[in-house]
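# Survey of secondary and tertiary structure
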Amino acid sequence: MFRRTTCDLESNCFPFAGCSDLAGKQERFLAGTTQIDVVSLIAEQIASGIQDAVGYWLGRVERELASSGLTANEQLRAIEIIVQEYKETTEKVQFRCAEA
């Protein structure tokens, strides 16, 4: 479903980076950057991860809506299953209602 790093939890890997020789790369990277650069990099990676996750879930919904062999009720049921899977995966019990 989601991309995962091959690093174990005890390593010093960022979730968006490879694991080979990362400690040395981190030190060299951090030595030549400012705190603002690091914060910007982290923010960009977080935004990218969010975009990937939203794309994944909406892509699944879109695929069900594009399925020509399903009736409207079957499409709705398939989307309900995707929403339930999302809630279980993210441990969300309830969504906040959108306001117009």
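Here the structure is a predicted model, which means the values were calculated and not measured.

### A word on the overall build of the chain
- Along the backbone of the chain there are 3 helices and 0 strands.
- Looking at the 100 residues of the chain, the share that counts as buried comes to 12%.
- If you take every contact in the chain between residues at least 6 apart in sequence, the share linking residues at least 24 apart comes to 31%.
- When the accessible surface of the chain is totalled, it reaches about 8400 Å², and 55% of it is carbon and sulfur.

### Concerning the confidence of the model for the chain
- Residue-level pLDDT values for the chain average 77, and 66% of them are 70 or greater.
- When the criterion is pLDDT under 50, residues 1–19 qualifies, and its contacts beyond four places in sequence or with other chains add up to 25 contacts.

### A few points about the side chain of E64
- By the element assignment, E64 lies in helix α2 (residues 35–66).
- Within the buried set, E64 has no salt-bridge partner at all; the shortest N-O distance to an opposite charge, 4.6 Å, is to R63.
- Every residue in contact with E64, bar those within four places of it in the chain, is listed here: L70, Q75, A78, I79 and I82.

About the criteria used
Residues numbered from 1 in each chain as written. Predicted model: local features only at pLDDT ≥ 70, side-chain atom pairs only at ≥ 80, totals over all residues. Heavy atoms only, no water. Helix = DSSP H or I, 4+ residues; strand = E, 2+ residues; numbered from the N terminus. Buried < 20%, exposed > 50% of the residue type's maximum accessible area, 1.4 Å probe, protein only. Contact = heavy atoms within 4.5 Å. Areas by Shrake-Rupley, 256 points an atom, 1.4 Å probe, with all protein chains shown as cover. pLDDT = per-residue confidence, 0-100. Lys, Arg positive; Asp, Glu negative; His and termini not counted. Salt bridge = Lys/Arg side-chain N within 4 Å of Asp/Glu carboxyl O.

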